[in-house]
Structures are given as C-alpha cells and as structure tokens.
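# Structural features, examined
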Amino acid sequence: MTAAIDDDRLNETFAALANSTRRAILARLAEGAATVNELAEPFELTLPAVSKHIKVLERAGLVQRSHRAQYRPCVLDAAPLEQISTWAEQYRPVWEARFDRMDDYLTQLRPQRKTGAGDD
Amino acid sequence: MTDNNASQDAVVIERSFDAPVGLIWQMWTDPEHFKKWYGPDGATISVANMDVRVGGTRLIGMEVHTPNGLMQMWFAGEYREVVENERLVYTESMSDENGNASSPSDIGMPDGHPGTTEVRVELEDLGGRTKMVMTHAGVPRDSPGAAGWTMALDKLAAYVGARSTR
C-alpha cells in the first residue's frame, strides 16, 4: 500500500494546508457547503483573493466545486485528509529523499575531506 | 503490509553512510551542511538558525515553489537532547518567522494542538562509516496539545465523511 502513495499529491495537500486562510476556509466548509461570497465574508478578503485560495484547495483535491449550479458552491472533500491522517508513514518518502540527498552531498564532499572542514 | 505498525505514529528510518560520525553529526547541526540536503524537492532552506544545546531553539525557513509562486514556511522547535556524535533530539512545529508556534486559531482547527513533532537522530560510529537511526514521532502523549494535528485532521475527516453521505 505504501508504494501507492502519490508523493506529488501529498506535497500539494501539505502546501494547501500550509496557509492559515486556507485552513480556515476548510474549517468553514466542514460545517457545510458555501459559495465563494459566503467564504469571503469572515476573512475580509477580496473575492479574487478567496478564489485564488479555493483554486489551490481544488488542485489539492480538498475542495470540489459543483459545475452545474450557477453559484457553484464549494464542498470539502476529506479524502486527502484521511490520507495524511496517518502522517507518520506519509513522511517516510520525504525523509528517504532527504537522506538520498545527504548521501549525494557526502559524496560531493569526499574529495575535499582532509582536515575536517568541508567548507569552500 | 504495514498494518501492524499503525498503532505507533512514527517513522523510523535506518541508514548507513560512508562517512565518519562527526561529519554526519554536522549534517544535522551545522546550518551550512543542513541546508544542502534537508529541503524537500522543490524547496530551498533559506534560514537555518540552530542553537544546538539542550533547551536551545531552532528555526528553519523553507521556500517552497508552488504553482502560485514562492511560499515561505517556518518551522520552530527546541533541542531536547544533545550528545555530540551520538544523539540529537529536537521538537518541531509550524511557526511564524519569529519562531512562534502557530496557534490553533491560525491553523483553523477547533481543538488546541501545537502540532508538535519530535525528531530523534541516533548515530553509531562504525569506524569511518556511520549508522543512523532517525525517528520522527507525533506529539508526545504527555504534552498538553496531545490532540495533535493528526487527531484534528481525523476529526475533520470523520465529520465531513459523516456529512457527505446526504
């Protein structure tokens, strides 16, 4: 199952959640569907600014918008949240990639590694 | 395949590096070295302030490239254990640029959760080579914010899951 983790998607989910306004929008949507106008109200943001946040959330799969209705309400989609709710395992690929880079970096340092300091 | 590990919310990774233990220690404690490998793909570590002693603070600034441009993220924490070339333990929370952990209201989540995690690095000198065991664990159970990022998300997910079947 772990092999099936979509790393890019996970990055997008975390990036989307890394913004307090977007988290507040999600918290609002947890109470029910809302239009962009309704979402904009409590934040004192312009409609374009709110739309931009919603687009990020849409791309991360956290928000869906109806294409049928004229006013296109936003609805929270919890699926990506369920994925990262086991965040620890989800972090494994991030760390593995980091340690790959550490390994590469150590290889780069090797020829210079003589008297301890590896700076340039 | 990993079902049995689900009870413990921690990642444990063991690696061996073809480098002396002192250099691996520097990878974690020297900002210039740390910046070279830590950033996830597509991210740059712009700031790495590390006061590496027990009780000392750390602040990591990360620039993430998103479709909407550059996004700055901050992570703050404190060193819990510092045993040179052997063991390094620090906490980490999302924060602002001054290292103030994001408050629950900032995060837009109902229950208090500093969202603190703990990173533990254990090194073993294999004579020129180094064995490293890294453990990244969720909020310590005894902390006041034990509700945690995970539980807040679980709750949100469960809440929405219950509603979405209408």
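Note that this is a predicted model, so its numbers are computed, not measured.

### Focus: the overall build of chain A
Within chain A, the secondary structure is distributed over six helices and two strands. Counting every position in chain A, which comprises 120 residues, the buried fraction comes to 28%. Taking the contacts inside chain A whose residues are at least 6 apart along the sequence as the reference set, 51% of them involve residues at least 24 apart.

### With respect to the overall build of chain B
Summing up its helical and strand segments, chain B has four helices and seven strands in all. Listing each helix as α and each strand as β along chain B from the N terminus yields β-α-α-β-β-β-β-α-β-β-α. By sequence separation, contacts in chain B at least 24 residues apart represent 41% of the contacts at least 6 residues apart.

### Remarks on the confidence of the model for chain B
All names here are of chain B. Taken residue by residue, chain B gives an average pLDDT of 77. The fraction at 70 or more is 70%. Across chain B, the secondary-structure element scoring lowest on mean pLDDT is helix H4 (residues 148-163), at 46, and the one scoring highest is helix H1 (residues 21-29), at 96. At the level of chain-chain contacts, confidence expressed as ipTM amounts to 0.73, with global pTM at 0.57.

### Things to note about the sheet that holds strand S6 (residues 117-125) of chain B
Residue and element names in this part refer to chain B. Taken in spatial order, the seven strands of this open sheet run S1-S7-S6-S5-S4-S3-S2, and their pairing is antiparallel. Of all strands in the sheet, those with a lone pairing partner are strand S1 (10-17) and strand S2 (43-50), marking the two edges. Shown here is a sheet whose adjacent strand axes are inclined to one another by a mean of 20°, direction ignored. Each of S1, S2, strand S5 (87-95), S6 and strand S7 (130-137) is contacted by H1, which is oriented at about 165° to S6, the strand it contacts most.

### Some thoughts on the confidence of the model for chain A
Residue and element names in this part refer to chain A. Considering every residue of chain A, the mean pLDDT works out to 77; 74% of them sit at 70 or more. The secondary structure element of chain A with the lowest average pLDDT is helix H5 (residues 79-84), at 66, and the one with the highest is helix H4 (residues 47-59), at 91. Throughout residues 1-5 the model reports pLDDT below 50, and contacts reaching past four residues in sequence, or to other chains, amount to seven contacts.

### Remarks on the environment of Val 89 of chain B
Residues and elements named next belong to chain B. Assignment of secondary structure puts Val 89 in strand S5. Residue Val 89 is classed as partly exposed on the basis of its C-beta count, with 17 C-beta atoms lying within 10 Å. Once you skip the residues sitting within four places of it in the chain, Val 89 turns out to touch Arg 80, Glu 81, Glu 118 and Arg 120.

### Description of helix H2 (residues 20-29) of chain A
By the burial criterion, the buried members of H2 of chain A are Arg 22, Arg 23, Ile 25, Leu 26 and Leu 29 of chain A. On an axial view of H2 of chain A, the arc spanned by its buried residues comes to 155°, and they lie on one face.

### Quick word on the pairing of S6 of chain B
Two faces belong to every sheet, and in a regular strand the side chains alternate between them. Residue and element names in this part refer to chain B. The pairing of S5 with S6 spans six bridges and is classified as antiparallel. Each bridged residue has a counterpart across the sheet, and for Val 89 the counterpart in S6 is Arg 120. Pairing geometry for S6 and S7, over eight bridges, is antiparallel. Looking at the pairing, Val 121 lines up with Met 134 of S7. What sits between S6 and S7 in their antiparallel hairpin is a turn of four residues, with Gly 127 showing a positive phi close to 70°.

### Things to note about the packing of H2 of chain A against H4 of chain A
Packed helices, taken two at a time, are described by the angle between their axes plus the distance between the axes. Residue and element names in this part refer to chain A. Where H2 meets H4, the closest approach of the two axes is 10 Å, and the angle between their N-to-C directions is 75°. What the angle tells us is that H2 and H4 run roughly perpendicular. Residues Thr 21, Arg 22, Ile 25 and Leu 26 of H2 lie in contact with H4, whose contacting residues are His 53, Ile 54, Val 56 and Leu 57. In terms of residue class, the contact of H2 with H4 is made up of five nonpolar, two polar and one charged.

### Considerations on the nonpolar core
Residues and elements named next belong to chain A. In terms of nonpolar packing, the biggest core is built from 20 residues, with Ala 16, Leu 57, Leu 62 and Val 63 touching the most fellow members. Of all the secondary structure elements, the ones that give two or more residues to this core are helix H1 (7-17), H2, helix H3 (36-40), H4 and strand S2 (74-76). Leave out the neighbours within four places in its chain, and Ala 16 touches Arg 22, Val 56, Leu 57, Ala 60 and Leu 62.

### What about unusual backbone geometry?
Residues and elements named next belong to chain B. Of note in this structure, Asn 85 is not a glycine but carries a positive phi near 65°. Along the chain, Asn 85 turns up in the loop between strand S4 (69-83) and S5. For Asn 85, a count of 17 C-beta atoms within 10 Å gives the class partly exposed.

How each quantity is defined
Note that residues are indexed from 1 along each chain, following the sequence as it is written. Chains carry letters and ligands carry numbers; both start at the beginning, A for chains and 1 for ligands, and go up in the order they are written. Reporting of local features is limited, given that this is a predicted model, to residues whose pLDDT is at least 70; pairs of side-chain atoms are given and counted only at 80 or more, and all residues count toward the totals for whole chains, interfaces and linings. Working definition: helices are DSSP H or I runs of at least four residues, strands are E runs of at least two. Numbering for both runs from the N terminus. Once C-beta atoms are placed from the backbone, each residue is buried if 20 or more other C-beta atoms lie within 10 Å of its own, exposed if 12 or fewer, and partly exposed for counts between those two. Contact definition: two residues whose C-beta atoms, as placed from backbone geometry, lie within 7 Å. As a per-residue quantity, pLDDT reports the predictor's confidence and falls between 0 and 100. When DSSP locates at least two bridges between a pair of strands, those strands are taken to pair. Where helices are involved, their axes are fitted lines through C-alpha atoms of the stretch in contact, as for all axes, and angles between N-to-C directions lie from 0 to 180°. Working note: the arc is built from the helix axis to C-beta atom directions. Any angle between 65 and 115 degrees counts as roughly perpendicular, while under 35 counts as roughly parallel, over 145 as roughly antiparallel, and the rest as oblique. Residue type decides the class: Asp, Glu, Lys and Arg count as charged, Ala, Val, Leu, Ile, Met, Phe, Trp, Tyr, Cys and Pro as nonpolar, and the leftover types, Gly among them, as polar. Think of a nonpolar core as buried Ala, Val, Leu, Ile, Met, Phe, Trp, Tyr and Cys residues, each tied to the set through C-beta atoms within 7 Å.

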